[in-house]
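Structure assessment
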Amino acid sequence: MHEIHYEAPTTLEQAVAILKQRGEQARPLSGGTDLIIQLRSGARRNPYLIDIKYIKELRTISFDPKDGLRLGAAVTCAEIDENPLMHRHYPGLTEAARLIGSVQIQNRASVGGNLCNGSPAADTTPALIALGARARIVGPGGEREVPAEKFAIAPGRTVLQPGELLVELLIAPPPPHSSDAYLRLIPRNEMDIAVVGAGVALTLDGDRIKAARIGLGAVGPTAILAETASQALVGKKLDDAAFDAAARLASEAASPIDDMRGTAEYRRHVAGVLARRAISIAAERARKN
Amino acid sequence: MAETAASGNFKVIGTRPVRPDGVDKVTGRAKFGADYSFPGMLHGKVLRSPHAHALIKLIKIDKALALPGVKAIVTSADLPEAENKSEQAGEMAVNPRHLSANILARGKVLYDGHAIAAVAATSPHIAEEALRLIEVDYEILPPVMTVDAAMAPGAPILIADLRNKEEGDKPTNVATHYQFKRGDVEAGFKSADFIVEREFNTAMVHQGYIEPHNAVGIYNADGNATIYCSTQGIFDVRLLSSQVLGVEVGKIRVVPAEIGGGFGGKTTVYLEPLSVLLSKKTGAPVKLTMSRAEVLRATGPTSGSKIKIKMGATRDGRLVAAQIWMAYEAGAYPGSPVGAGAMTIVAPYTVENFLIDGYDVVVNRPKTAAYRAPGATNAAFASETVIDELAEKCGIDPLDFRIKNGVQEGSPQVVGPPYKRIGYLQTVEAIKNSPHYKSKLTGANRGRGVASGFWFNAGMQSSAIVNIHPDGTASVVTGSPDIGGSRASMAMIAAEVLGIPMTDVRPVVADTDSIGHTDVTAGSRVTFATGMAVYEAARDAARQLVERAAKAWEKKPEEVELRDGMLHTKGNGVPPVSIKQLAPRFPRTGGPIVGRASLNARGVGPAFACACVDVEVDPETGKVQILRATVAQDAGKAIHPSYVEGQMQGGTAQGIGWALNEEYFYDAKGILRNTGLLDYRMPTCLDLPAIDAIIVEVPNPGHPLGVRGVGEVSIVPPPAAIANAIYRATGVRMTETPMSPPKLLKAILRHRSSAANAKAAG
Amino acid sequence: MSKKTLVEATINGEATEFLCEPRQSLLECLRDVLELTGSKEGCLTGDCGACTIIVDGRVVDSCLMLGVEANGKTISTIEGMAIAGQLHPLQRKFLEHAALQCGICTPGFLMSAKSLLDRNPNPSEADVRYALAGNLCRCTGYDKIVRAVLDAAAEMRGCGAGKAATR
């Protein structure tokens, strides 16, 4: 690995100051489960690593029935999985976090890191998109919020400017009769990067869908909000026809590539399959809420 | 003792004691190659080609040499010219010139990852930085990545002086053409009622050992060198390193570190000669280890292959003809296992007429190395699925079909004399009678498949020493690195012969100076051949013990016997004496007792396995779950049943990985895209069910204890068994590996639409 | 060469100090600086688990942690699993069940299995396979490993689970 300098600030202000000072040379380090690999392979070159795990706001996870969820960027997937409120209110996002790698990876990796790595195949991004999550960013210019579906701008690149730091993810409290679900297709049963990921959040009104959001991962240069497919569900009854139609539109929303994990043709087909299945699961959960 | 062996009344053999080296392995104390450290040791790294096929115009190392901490850099200029000829090195044929060029490329690089230079520095990080400072000018040539591309007229030629017998002086990428014939294959097909003809393609796969390659080289000023490394063959490392370095074999001592998996991939050399070369240049010990990316890019995966196969059977289920054309990727230099593939493809069956053509083809991929029954798995994927189809056409249960055509004692082999006593039919019967096969498989999208496999196994040379200590315990010394628990079996065999507890026997794996020549831990030969040497060495020690006791009792040796660790006189009179009691008297009765044996083992018994697999297929995504797996294998005599089961389960798991998700992805430029274990997908714990291992024991008449080698054959059946199971689950016959979700889904959708069209048309 | 950092951590119950460059992984520090070579390098990408250790009670891949990140942490490695020469039940069961062949993956598996049983003394086979999914074994096909873990769990429950020695 190239030489690195390591710092571990304890406040947001300190972190932002160092990030501003070092610019492109610096990168925040949370779990390191993507970053350390990239530094070793030369895919990224950041001589200044800023360990953000000692900053309170980034390590806090709190839920309030009125304000919803504040998920610190450096909260680990394992901590999410161990949090009963996450399971109750955001089972899909929790599933997504739980799917990232092995137990060893889970104990280090974070949803914030997953998002900031900017991989189109990141497991949590479709789930965050489905939930309408907003990223709260702090930087030298102040604070801003960016919706999850706009956070990544290209494979490996996000909206974060030099000096900016993702502090937490904000998700509204789930309305009554809502739930979410996340599914992914991988060739093995664990350890793989998603070939396709589908996150769905639904709100029901009786036996009809009042609100729907479908997020898809690994089927485009960034994870996407499948707007047309989502809209197609609104106002519909919970039946096969509605689900099939939405699945078809989800397939069409996908613009995947061929790579060693799957062909474009395969991904497009599976996007529809997973969307349909995730819709079904989310609906089942929403009915119970 | 011979009587005991024949009757099978063993006291130790067949039990399941804890392995003697076990505590070190569960406490992290066991030293694997990368764990070695020496004072003043330097760290080495290798610069590798980023191109699949290119001429090397210039290598500039001055900037790298100037980096503080860098002590030496070597290229092929530092190695002597090697001869261009084929030599036998143990199991393998080796061409010293090709071997040397694979260690450090000479004038040309032939695959992405081909070694060009090696650096020794004070830290591995500095060595890595130095690699970035080495400048290489390449002239890029078009890559040739498949057997089709390599065999096409006008294909770019990889090795300018490569010729084969048939094409005379024409430059070619085909190194060898093997052919095996029996009878009249045309007539055979004419007499067939059912014929199945298919083309199969299998992707290149890697052995996937968890431990990357390593070597520590220590060159002494007197010209002698020592190599510590994780290897399957210390004598092979010695021989091959000496060839590459241009020194006499006796100048190199190889010390076996513990080895973290090999499966055939650690039977050659990559880093070992470099470690000595760098040590010579720097005067310090030099350690080299490979990263996972280097392991995948630049060691020896096994061949991808193309197999065109046509087989015919009569309606009563008799195989009458087989015609096979097979081309295997050799990688950058000749030496794929296509010959073995050709000899194993129909080995479990008596086929009246066959014509098998096999082609060894060079391509711009790493030079292939052995992988557990090399060549046989590719072949069985083709033949065992075609046989499944034929059985279906004949309306015969697939296991009964195999029994009907299966080989037994006296059946002809593809090459060589008829089979002696073998257990093929018994393995098929074992599956047939297994709880697995007898159970009903219910549920949608599920199917069950079976397949068989064959491997020759090897004999070759082994040596052993049995030392009796003053306290009556013993050590048994061999030269076979332990990759699967063989120390336990060696101790058990010696304990059985001497009649002492196994815990009183300490097995040692020694270096190349301390034990007689021993061929590689591969070819399923350690328990067979080294076991045979241990058996003979223990018997030699036993003979000496008998002679000592006879001398002490003033009797003739014929009047004394060793039984259960006690020396008795035949007849009565003298109270028996234990080895423990006799041992302190050795110095005064003639000196130390050391039993020894060295042999070139004959009497090899080939291995057969039969596997049964249940799968469930998700028809919308093409993903396959293995629900249940059972494997039956003839071990002849299982010395330590747990480790025999372990070989069977491990081989089955590798076969499952090969079948479902493992493959090398090269892009259009010939660059390997999946250089890590994220995208070279081996099965995890969560991908596999329990694997039931049924040990069949049909004793091998060629071995004193009845042993047949067990290490390899279990990898052979699973890909075909899985393909057959997928067929029953989905109606789709897969003809390529891996049967990964994208490929399987495509086949399912195509099958569904053609079925729909047929229905519409009908 | 950048300046080395002093790291203080508790390793296998002992207060330990070591010097390392920030670019050295925790795995490198354990193996090359502290000579604790029981944790192994298999892939350097967190895909094989051969480097698994326990940090503050959680299993991690030490190849993906920097040595400097270990400051102030409590670390357990394979070298600390047996106490005063007494093997942990998992170690004994691995031997009894022949749950290792070459043994390179064994330290990582033992760490993962220990962590599992520390948290869940009564895991199902599915629980065990999930917990061990981040540890690759190429020799055994996992069958005997899973049996050994389940057997160790049973034994530990029988003689007072939770009393198992922890560091």
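Every value quoted in this text rests on a predicted model; they were computed, and no experiment measured them. (Residues numbered from 1 in each chain as written. Chains lettered and ligands numbered in written order. Predicted model: local features only at pLDDT ≥ 70, side-chain atom pairs only at ≥ 80, totals over all residues.)

1. Description of the overall build of chain C
A count of helices and strands for chain C gives 5 helices and 5 strands. Counting from the amino terminus, helix and strand elements in chain C follow one another as β-β-α-β-β-β-α-α-α-α. A compact globule built from 167 residues should have a C-alpha radius of gyration of about 15 Å, and chain C, at 16 Å, falls within 12% of that. The principal-axis extents of the C-alpha atoms in chain C amount to approximately 50 × 30 × 25 Å. The proportion of buried residues among the 167 residues of chain C is 64%. Long-range pairs, those at least 24 residues apart, make up 61% of the contacts in chain C with a sequence separation of at least 6. (Helix = DSSP H or I, 4+ residues; strand = E, 2+ residues; numbered from the N terminus. Rg over C-alpha atoms; globule rule 2.2 N^0.38 Å. Buried ≥ 20, exposed ≤ 12 C-beta atoms within 10 Å, placed from the backbone. Contact = placed C-beta atoms within 7 Å.)

2. Topic: the domain arrangement of chain A
All names here are of chain A. The domain architecture assigned to chain A consists of domain 1 (5-119 + 133-171) and domain 2 (178-288). Its C-alpha centre places domain 1 at a distance of 25 Å from the equivalent point of domain 2. Contacts between domain 1 and domain 2 engage 14 residues on the former and 18 residues on the latter. Where the side of domain 1 that touches domain 2 is concerned, the elements lending two or more residues are α5 (91-99) and β8 (152-154). Ranked by residues supplied to the side of domain 1 that touches domain 2, first place goes to α5 with 6 residues. A class-by-class count of the residues in the side of domain 1 that touches domain 2 yields 9 nonpolar, 3 polar and 2 charged. (Domains from an automatic or database assignment. Nonpolar A, V, L, I, M, F, W, Y, C, P; charged D, E, K, R; others polar.)

3. Details of the nonpolar core
Formed by 415 residues in total, the largest nonpolar core has its most connected members in A250(A), A275(A), A494(B) and I726(B). Looking at this core, the element that brings in the most residues is helix α17 (residues 526-553) of chain B, giving 13 residues. When sequence neighbours within four positions are dropped, the list of residues in contact with A250(A) reads I214(A), L216(A), A226(A), A229(A), A271(A), G272(A) and A275(A). (Core = buried A, V, L, I, M, F, W, Y, C linked by C-beta atoms within 7 Å.)

4. So, the sheet that holds strand β3 (residues 48-51) of chain A
All names here are of chain A. Pairing within the open sheet is parallel, and its 3 strands lie in the order β1-β3-β2. Each having just a single partner strand, β1 (5-7) and β2 (26-29) make up the two edges of the open sheet. Adjacent strand axes in the sheet meet at a mean angle of 25°, parallel and antiparallel pairs treated alike. Sheet topology places β2 next to β3; 4 bridges connect them, and they run parallel. (Pairing = 2+ DSSP bridges. Axes fitted to C-alpha atoms, helices over the stretch in contact; angles between N-to-C directions.)

5. Quick word on the interface of chain C and chain B
Each side of the interface is counted separately: chain C has 43 residues, and chain B has 42 residues. Elements that contribute at least two residues to the side of chain C that touches chain B include exactly α2 (89-96), α3 (106-119), α4 (125-131) and α5 (143-158) of chain C. The residue inventory of the side of chain C that touches chain B, partitioned by class, reads 23 nonpolar, 10 polar and 10 charged.

6. Digging into the interface of chain A and chain B
In this complex, chain A contributes 17 residues to the contact, which on the side of chain B involves 19 residues. Looking at the side of chain A that touches chain B, its residues break down into 9 nonpolar, 4 polar and 4 charged.

7. A look at the packing of helix α12 (residues 376-394) of chain B against helix α21 (residues 718-730) of chain B
Residue and element names in this part refer to chain B. As a packed pair, α12 and α21 sit with axes 7 Å apart at the nearest point and diverge in direction by 35°. In this structure, the crossing between α12 and α21 has a hand that is right-handed. Residues T377, A380, F381, E384, T385 and D388 of α12 lie in contact with α21, whose contacting residues are P719, A720, A723 and N724. (Left-handed = near helix turned anticlockwise from the far one by under 90°.)

8. Considerations on unusual backbone geometry
Glycine aside, residues mostly have negative phi, and peptide bonds are mostly found in the trans state. Of the consecutive residues T737(B) and P738(B), the connecting peptide bond is found in the cis state with omega at -5°. Topologically, P738(B) is positioned in the loop between β29 (736-737) and α22 (741-761). In this model, D56(C) sits at a positive phi of 45°, which is unusual for a non-glycine residue. Mapped onto the elements, D56(C) comes out in the loop between β3 (52-55) and β4 (58-61). According to the C-beta neighbour criterion, D56(C) is partly exposed, with 13 such atoms within 10 Å.

9. Points about the sheet that holds strand β20 (residues 474-478) of chain B
Residue and element names in this part refer to chain B. Taking strand neighbours across the sheet as the criterion, the 4 strands line up as β21-β20-β19-β25 in an open arrangement whose pairing is mixed. A single partner strand is all that each edge strand has here, and the edge strands are β21 (505-509) and β25 (594-601). The mean inter-strand angle of the sheet, taken between neighbouring strand axes irrespective of direction, is 15°. In terms of strand pairing, strand β19 (residues 460-468) meets β20 through 5 bridges, oriented antiparallel.

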